[in-house]
Structures are given as C-alpha cells and as structure tokens.
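Now for the letters of each chain:
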Amino acid sequence: MSAPTTDRGRVGVAAPPVRRTVESWLAVAGMVVSTVFLGGFAVVMNRVDEAQFLATLYPELRAVGIDLPRAEAYQAAATLGAWFGFTLVTVLLLGAIGLYVAGRRPARRATGWWFAAAGLVCLVGSQLVLYPVAFLFFCGAGLFALRAVPDRLPEHGSKR
C-alpha cells in the first residue's frame, strides 16, 4: 500500500491554499464604482426627454464650455448614455467571469487577463474618463501576475 499523493506528485504533502482576496476586492470595487458612474449616466439619459434635457442639462453643458446646437447636444448625450450602458454591461460581464475563474482556480496567473480586459473596456468605453476605475482592474490583474504562488515546497523535511 502506498502513501497518498497530491496532485503535484509529492507524497503526503499538500500545497497550501491560494487566496486571491485582494485581487477579488479590487475587481468588485471597480465593478461597483463603474456601475455608479456608467450606469448612473446611462439611466439619467434614458429617463430624460429632450425638453427636460434642454431645461436642465443643456445650460450646464454650455456653462462648462461645450457649445453645441440644441438638437445635436441632446442626440450626442443620448448616444453617450447608450454607449456607457453597453460599456457597463461588458465591464460587469468580464469582471464576473474573472471573479468566477479566480474562485475556481486561484493559482492560475492567467485569471488576471479577465480583469485586465475589464479595465481596458472600462478605460476605452468611458473614453478615458474613468481611468481611476480602470486602474482598480489593472491593479487586480497586476497582482495576479506578480504575487507568488506556492508551486514548490522546500525539499528538506518532505517524505519521499
């Protein structure tokens, strides 16, 4: 009868569990903040009609120096709201896939690519406005790449 082996082929020695808590929390924080900003703008632009836009938001656009004709300003804001909604769905989908893979196989460094993709979509989809939020995703992806995974146990004291 032989001694039990682990998945790495060593006899009687199990690898310590890998936890990716920091990476997961960074991704969740990025998902929440992007939901607030991207989703908030998308919801506001989907609920406001042209008359409300011209009465409330258009004067604010002109006050900050965006000088567009009335019809073009409403159309541009509505298009931007739809684009932010699409970006939000994509960011949340990529972040959820990354969290799922991180929970299933936390030792794999390739999981960080899901968070890097979510950060890139957040950055490009928000037209570089949400770069601090994308930075959260990039930090999580970088930690997946940089944090050491215990793939080897010390040879002394192990049974062969």
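Here the structure is shown first, and the text comes after it.
Read on for an overview of the structure. Just so you know, these numbers come straight off a predicted model, no measurement behind them.

What about the packing of aromatic side chains?
Logical step 1: Per the counting criterion, the structure on display carries 4 aromatic pairs.
Logical step 2: Pairing Trp-83 with Phe-86 gives two aromatic rings, centres 5.8 Å apart and planes at 40 degrees, and the pair type is tilted. Residue Trp-83 and its partner Phe-86 are both found in helix α3 (residues 70-104); the two are separated by 3 residues, about one turn of the helix.
Logical step 3: Here Phe-86 falls in the exposed class, since its relative accessible area comes to 54%.

Brief notes about the side chain of Glu-23
Logical step 1: Note on placement: Glu-23 falls in helix α1 (residues 21-47).
Logical step 2: Given the relative accessible area of 0%, Glu-23 is considered buried.

Some points on helix α4 (residues 112-125)
Logical step 1: For α4, with 14 residues, the first-to-last C-alpha span of 20 Å sits near the 20 Å given by 1.5 Å per residue.
Logical step 2: For α4, the secondary structure elements touched by its buried residues are α1, α3 and α5 (131-146).
Logical step 3: Trailing α4 by a residue or two, Gln-127 shows a phi angle of about 60 degrees, which is positive.

How each quantity is defined
Residues numbered from 1 in each chain as written. Predicted model: local features only at pLDDT ≥ 70, side-chain atom pairs only at ≥ 80, totals over all residues. Heavy atoms only, no water. Phe/Tyr/Trp six-rings, centres within 6.5 Å; stacked < 30°, edge-to-face > 60°. Helix = DSSP H or I, 4+ residues; strand = E, 2+ residues; numbered from the N terminus. Buried < 20%, exposed > 50% of the residue type's maximum accessible area, 1.4 Å probe, protein only. Expected span 1.5 Å × (residues − 1). Contact = heavy atoms within 4.5 Å.

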